[in-house]
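Analysis of the macromolecular model
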Amino acid sequence: MKTYILADNQYVTREGVMAVLAREKLAERVVYAGRLVDLQSALNEYPDAVVVLDYSLFDFESQQQMLALKAKARESLWILFSADLGVRFLRYVLLQDDTMSVVMKHDSDEEIIAALTNAAYGETYVCDYAEQVLSDTVPPPEVPDVLTPTEKIVLREIALGKTTKEIAWEKNLSFHTVNSHRKNIFRKTEVNSIQEAVRYAICSGIIDMADYYI
C-alpha cells in the first residue's frame, strides 16, 4: 500500500479523495501538503508516495518547477487532478513526462477511482480529455485580446522576471506609468499574482515557452 500526498487546497476534494482511498483500501497513509515547501518535505519523508496535485490551486511558479520536483523525486508517482487544465499546459507537461497521470475533477467516478487505483500499483492513468489533448483533437482555447499593445509588452517583461524599475528603465517609461500598466493588466486579465500573470502570458501567446525557460 502506498502513501498518498494530497497537494490540493480544496477541503471538499481532499475529503472526497480520502473517502475513496479508504473505501478502496488503497492507502497506507494520507498526508496533506498545502504549500510547495510542505510537498517537498513530504516527498523527502515518503519518496515513493503518490502525489495527487491540483496544479491550478498550488503555489508552483511554473510547469517547469513542478516537473523538476517530480524528476527529483524519482520514485514518486503523480496524478494531476484538477477542474481546469489548459490544453497548452497539458500538452507541454505530458510531452515532457509520459509518466504523469491525469484525471479531471468532473470525470466519472470510475475514471477517478481508476487513476487512484493505478497509482497504487505504480501505473499511470490518462483520462479521455488528456488523451484528446495529446492527439491534437482538442484545439487551444481562444484567449480574449483584452490588453493594449503596451500592456502586452509590459506583461511580457513581467513574465520574464523583470521588476517594475527594470521595465521602466529599459522601456524609457516612468515607474508610475509601468506600475499603472501592471495594475491594469492584473485587473483586465483577472489575475492576482505574478504566477497567474505568467500563466496568462503563456496561454495567450504573449510569451513563448522557449523564452520563458531560458
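Above this note sits the structure.
Residues numbered from 1 in each chain as written. Predicted model: local features only at pLDDT ≥ 70, side-chain atom pairs only at ≥ 80, totals over all residues. Heavy atoms only, no water.

So, the nonpolar core
- Membership of the largest hydrophobic core comes to 52 residues, with the highest contact counts inside it found for Met 66 and Leu 80.
- Looking at this core, the element that brings in the most residues is helix H4 (residues 87-96), giving 6 residues.
- Each residue touching Leu 80, except ones within four places of it in the same chain, is listed here: Leu 53, Tyr 55, Met 66, Leu 85, Phe 89, Leu 90, Val 93, Met 100, Ser 101, Val 102 and Val 103.
- One finds Leu 147, Val 198, Tyr 200 and Ile 207 within the second-largest nonpolar core, a separate group that totals 18 residues. (Core = buried A, V, L, I, M, F, W, Y, C linked by side-chain atoms within 4.5 Å. Buried < 20%, exposed > 50% of the residue type's maximum accessible area, 1.4 Å probe, protein only. Helix = DSSP H or I, 4+ residues; strand = E, 2+ residues; numbered from the N terminus. Contact = heavy atoms within 4.5 Å.)

Brief notes about the side chain of Ser 82
- Within the secondary structure, Ser 82 sits in strand S4 (residues 77-82).
- Classification of Ser 82 by relative accessible area gives buried; the value is 0%.
- When near neighbours in sequence (up to four residues on either side) are disregarded, Ser 82 contacts Asp 54, Ser 56, Val 103, Met 104 and Lys 105.

Here's the deal with the pattern of salt bridges
- Following the criterion strictly, the structure yields 10 salt bridges and no others.
- Where Glu 151 meets Lys 188, a salt bridge forms, and the shortest distance between an N and an O atom there is 3.0 Å. Of this pair, Glu 151 sits in helix H7 (residues 149-159) while Lys 188 sits in helix H9 (residues 175-189); the two residues are 37 residues apart in sequence, bridging distant segments of the chain.
- The exposure class assigned to Glu 151 is buried, which follows from its relative accessible area of 4%. (Salt bridge = Lys/Arg side-chain N within 4 Å of Asp/Glu carboxyl O.)

Looking at the pairing of strand S5 (residues 101-104)
- Neither face of S5 is exposed, since Ser 101 and Val 103 on one face and Val 102 and Met 104 on the opposite face are all buried.
- As paired elements, S4 and S5 share 4 bridges and run parallel to each other. Across the sheet, residue Ser 82 finds its bridge partner in S5, namely Met 104.
- Once you follow S4 into H4 and on to S5, the crossover reads as right-handed. (Pairing = 2+ DSSP bridges. Right-handed = clockwise from strand over helix to strand, strands pointing away.)

Some details on the environment of Lys 105
- Topologically, Lys 105 is positioned in the loop between S5 and helix H5 (109-120).
- Sequence separation between Lys 105 and Glu 61 is 44 residues; the distance between their C-alpha atoms is 22 Å.
- When sequence neighbours within four positions are dropped, the list of residues in contact with Lys 105 reads Asp 8, Gln 10, Thr 13, Asp 54, Leu 57, Phe 81, Ser 82, Ala 83 and Ile 112.
- A polar atom in the side chain of Lys 105 sits 3.3 Å from the side chain of Thr 13. (Polar contact = N/O pair within 3.5 Å; in protein donor to acceptor, adjacent residues only side chain to side chain.)

A word on the packing of H7 against H9
- Axis separation between H7 and H9 bottoms out at 9 Å; the angle between their running directions is 90 degrees. When the interaxial angle is binned, H7 and H9 end up roughly perpendicular. Together, Thr 150, Glu 151, Val 154, Leu 155 and Ile 158 of H7 and Val 178, His 181, Arg 182, Asn 184, Ile 185 and Lys 188 of H9 make up the contact between the two elements.
- Of the residues that constitute the contact of H7 with H9, the class distribution is 5 nonpolar, 3 polar and 3 charged. (Axes fitted to C-alpha atoms, helices over the stretch in contact; angles between N-to-C directions. Parallel < 35°, antiparallel > 145°, perpendicular 65-115°, else oblique. Nonpolar A, V, L, I, M, F, W, Y, C, P; charged D, E, K, R; others polar.)

Thoughts on helix H3 (residues 63-72)
- Listed as buried for H3 are Gln 63, Met 66, Leu 67, Leu 69 and Lys 70. Projected onto a plane normal to the axis of H3, the buried residues spread over an arc of 160 degrees and lie on a single side. (Arc of directions from axis to C-beta.)

Notes on the sheet that holds strand S1 (residues 2-7)
- Pairing is parallel in the open sheet, where 5 strands are placed in the order S2-S1-S3-S4-S5. The open sheet has two edge strands, strand S2 (27-32) and S5, and neither has a second partner. Taking each pair of neighbouring strands and ignoring which way they run, the sheet shows an average axis angle of 20 degrees.
- In the sheet, strand S3 (residues 50-53) pairs with S4 via 4 bridges, with the strands oriented parallel. When the bridges of S4 are listed, Leu 53 appears paired with Leu 80.

Quick notes on the pairing of S4
- For S4, the buried fraction is high: 6 of the 6 residues fall into the buried class.
- Side chains Leu 77, Ile 79 and Phe 81 of S4 all project onto a buried face; the interleaved residues Trp 78, Leu 80 and Ser 82 project onto the opposite face, where all are buried too.
- With respect to chirality, the unit in which S3 leads through H3 into the neighbouring parallel S4 is right-handed.

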